[in-house]
Amino acid sequence: MTTAPSTTEVPAPRRGGTSGRRRLVVVGNGMAGARTLEELLARGGGEMFDITVFGDEPYGSYNRILLSGVLAGDDDEEGIVLNPREWYADNGIDLRCGVRVTGVRTAAREVVDATGAVTPYDVLVLATGSSSRVPPMEGVRRADGSLLPGVTGFRGLDDTRGLLDAARAHERAVVLGGGLLGLEAAHGLRRQGLDVTVLHSPAHLMNQQLDAAAGAVLRTSVEGTGVRVLTGTRASAVTGTDRVTGVVLPDGSHLAADVVVLTAGTTPNTGLAEAAGLDVDRAVVVDDRMRCGGAPSVAGASPTDGVYAVGECVQHRGVVYGLVAPLWEQATVLADVLTGADPTAEYRGSRTCTKLKVAGVDVAAMGLPAPELPGDELVVVAEPSRGVHLSAVVRDGVLVGATLLGDVSRTPALQQAFERGLPLPERRLELLLDLGGGAGEGDVADLDDDAPVCSCNQVTKGAITGAVAGGCTSVKGVMDATRAGKGCGTCKGVVGRLVELAADGALTEDPSVHWYVPGVPLRKDELVREIRERRLLSVSAVFAALAPGGEPDAKSSMGLTSLLRTLWPEDFEDERGGRFVNDRVHANIQRDGTFSVVPQMKGGVTTADELRRIADVADKYDVGMIKVTGGQRIDLLGVRKEDLPKVWEDLGMPSGYAYGKSMRTVKTCVGSDFCRFGLDDSTQLGIDLETRFQGLETPAKLKMAVVGCPRNCAEAYVKDVGVVAVGKGRWEVYVGGAAGASVRKGDLLATVGSAEEVITVVGRFVQLYREWGNWLERTYDFVPRMGLDRLQKVLLEDAGGLVAGLDADLEQAVAAYRDPWQEGREPVTPGQFRTALPLVPLPLVPRRAAGAPGGTSVADIGSDLAAAAAGPAGGAA
């Protein structure tokens, strides 16, 4: 192995891109790669480089730390987005998401991707991250080298989606690894209702961060959530043929499992670097300026000139980091180096402090978890009954390690002492306890200005108080200005207390938390008024008139597009750049760039002829999988973008709106015609409701259901709008229900005496939600925010005199309905249905083609469903 170069010059221009700018290629769009881009742009890198970014995943960038929150149902996917795809275009970055780089030719200075395309570079940044380590277990892989179905990692958004899907279909999970990631996965799966077992080969949980005593306390807390924990053992084999059925332990015992999650460590992705001849040890070796090393060239110049690496794929001074804070420190140094913003910038390594919430338990750990030398002091405070274990390790009067479990209020002071080697109190217990009383604010006030508060972004107390002194008096304003709290988020409480103290009674609430979209400083009612009074018909017109400096904002475009279509159903000036790709092509994009197509089946009712056409289309366009959805429709998965117009034409059915923020579907039971328990015709009412409200823009997706009796076979009580027949022509209307990540029974809005009254009441509720709901606010939040009493007075008693306006606005929106699939005949733009994403070879999208293991042939599906449609119906759905 050679040593990485040690000189410090800024990379010189080489061949140049457009306008003579150097060509910068970033391989990897994870948290390290994306942060490098942000830091580059902040230093004017957008004017220095033509930037191309390759990412394996078909998304912009997102915060992987928060995936555990998505799995647990605490966060949604939209909430963890760091930079949407539009952000890259807005900053002139060529994002090639869903495209994997397969080779680096350092001598020729070019990369080759999976499509065969060659992209030259002058500067190359490898940010390839790491992958879940697959322990050596018999049966874990199939003959083709892929993992046995049901065995998965927990590293990305697709892994998380797969686990959520598995949680809906299965009951038992085994998580291999009891470290940070494993416990988060176990916690999330348990929250999804699975029976979960954690298998950890060391003697106690989180052995990398905690000593045995703290590990025992954590185990008690984890087991208290219903997760089974087995330590000191491992899985020696995985059982199952077509899908995992469990794991085998060394003693021969068998743990049944439908899902096995691999979280027993990670492996840096070094394949590209190794093949390119770069220095690779445990990871890609870099120097203090993040440059890669490699064998010298016979021509004199090293082929590694201009080649850098950051993130989890990197080994710096023998250390491979897996926490986000060091990765972001590396990105900052690299941006300084590449732009010349700081010619002396060097990365010297990181002293890490881990602050996390593990399986619902607060944990902070820094330095040594336990004494190592005979003279080391150990200070311990333990309250196992409360799940609290605090310890500190002192060597020669200096804090060299601390572990806080269950109570992390002393973290700022301990971190300051740890990182700066501050003198420690004579009474060592004061390290862990405020013996003078009044912990919390007192601790924060006593911190020095250079004490770190946000480890992820290396933000100090001084930076936070400086932001307040500079005019930021709200918590959000300070967080935006300093990035404090923007990583794992565990320091938000400390940041808030610091801002409150620094503001000295002048703390304000950032008004942007009430803005409808982040780029226009107006509440929704103010925004609606301005749009109407100024007759702003397009997104660009809104930005020009109402955004600060008239600047467009990519994160605001989707919300504004939806609002404008609500306010101007006939006159809205459509600007396709303001739409998400799903709304541009009227289908739901999948992980490999193909789309799913869901034709409309009002009330879940179809015909034998429609089923034959669906089957014919599936055969003709080689549909990857045919899936019956929870909304009583049929989903054709794996349709290529360029085939969408032809698929729609051959189907001859309108769009089912299984994408975007709009009214989706109305689920029904079979009602009184066939079911012996049915009290009224729920099927017909469901069809009428779907006909009435089809395609209506709403702040978030909206689902309805109608049932013919309170047995609730179509789950009306947990829909955004649910209608229940209660006999003698009477119907109950429920609003604000949910049965996804959040579960809520809807509130009874009204009991009415006819189907016509149902349509009227539901219409007024839908229109009120359209006009008063916040962007992405589901009805299960909207209804409690508004208050049921208030809704009843407004909608049923016409308090405020709004009803006539709601009825009129709804009528106009309904009259403006156009089937979006008609655009297949006359595309709005020449490239509307031209593929922009090179398709990644399957099996990224699961296929269930004829003859495949576990699959069902198209012909079988068509004949079965046709027979079901033609035959007698049963009672309960």
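Residues numbered from 1 in each chain as written. Predicted model: local features only at pLDDT ≥ 70, side-chain atom pairs only at ≥ 80, totals over all residues. Heavy atoms only, no water.

Participant: Explain the packing of helix α22 (residues 755-772) against helix α25 (residues 803-815) residue by residue, including any values.
Facilitator: Look at α22 against α25: their axes get within 9 Å of each other, and the N-to-C directions meet at 85°. With respect to α25, the element α22 is oriented roughly perpendicular. Contact residues: α22 offers Gly763, Arg764, Gln767, Leu768, Arg770 and Glu771, while α25 offers Val803, Leu806, Asp807, Asp809, Leu810 and Ala813. Classifying every residue of the contact of α22 with α25 by side-chain character gives 5 nonpolar, 2 polar and 5 charged. (Axes fitted to C-alpha atoms, helices over the stretch in contact; angles between N-to-C directions. Helix = DSSP H or I, 4+ residues; strand = E, 2+ residues; numbered from the N terminus. Parallel < 35°, antiparallel > 145°, perpendicular 65-115°, else oblique. Contact = heavy atoms within 4.5 Å. Nonpolar A, V, L, I, M, F, W, Y, C, P; charged D, E, K, R; others polar.)

Participant: Before we move on, could you go through the pattern of salt bridges and cite the residues and values that matter?
Facilitator: Evaluation of the coordinates by the stated rule reveals 42 salt bridges. The salt bridge partner of arginine 613 is aspartate 609, with a shortest N-O separation of 2.7 Å. Of this pair, arginine 613 and aspartate 609 both sit in helix α19 (residues 608-620), separated by 4 residues, roughly a single helical turn. Here arginine 613 falls in the partly exposed class, since its relative accessible area comes to 24%. Of the residues examined, aspartate 609 reaches a relative accessible area of 42% and is grouped as partly exposed. Among the salt bridges present, the one from arginine 640 reaches aspartate 643, with a minimum N-O distance of 3.2 Å. On the accessibility criterion, arginine 640 (40% relative accessible area) is partly exposed. Under the relative-accessibility criterion, aspartate 643 is labelled buried at 6%. Through salt bridges with shared partners, a single network forms among Arg35, Glu38, Glu39, Arg43, Asp336 and Arg483. (Salt bridge = Lys/Arg side-chain N within 4 Å of Asp/Glu carboxyl O. Buried < 20%, exposed > 50% of the residue type's maximum accessible area, 1.4 Å probe, protein only.)

Participant: Give a detailed account of the confidence of the model for the protein chain, specifying residues and quantitative values.
Facilitator: Confidence in the prediction for the protein chain averages 84 pLDDT; 88% of positions are at 70 or higher. Low confidence marks residues 436-442, where pLDDT is under 50. Its contacts with residues over four positions away, or in another chain, come to 4 contacts. (pLDDT = per-residue confidence, 0-100.)

Participant: I'd like to hear about the packing of helix α15 (residues 524-534) against helix α17 (residues 554-567), residue by residue, with values.
Facilitator: Close contact between α15 and α17 brings their axes to 11 Å; oriented N to C, the two are set at 60°. Considering the angle they form, α15 stands oblique to α17. Regarding α15 and α17, the two cross each other, and that crossing is right-handed. Residues Lys524, Leu527, Val528, Ile531 and Arg532 of α15 touch α17, and the partners they reach there are Leu560, Leu563, Leu564 and Leu567. Residue composition of the contact of α15 with α17, grouped by class: 7 nonpolar, no polar and 2 charged. (Left-handed = near helix turned anticlockwise from the far one by under 90°.)

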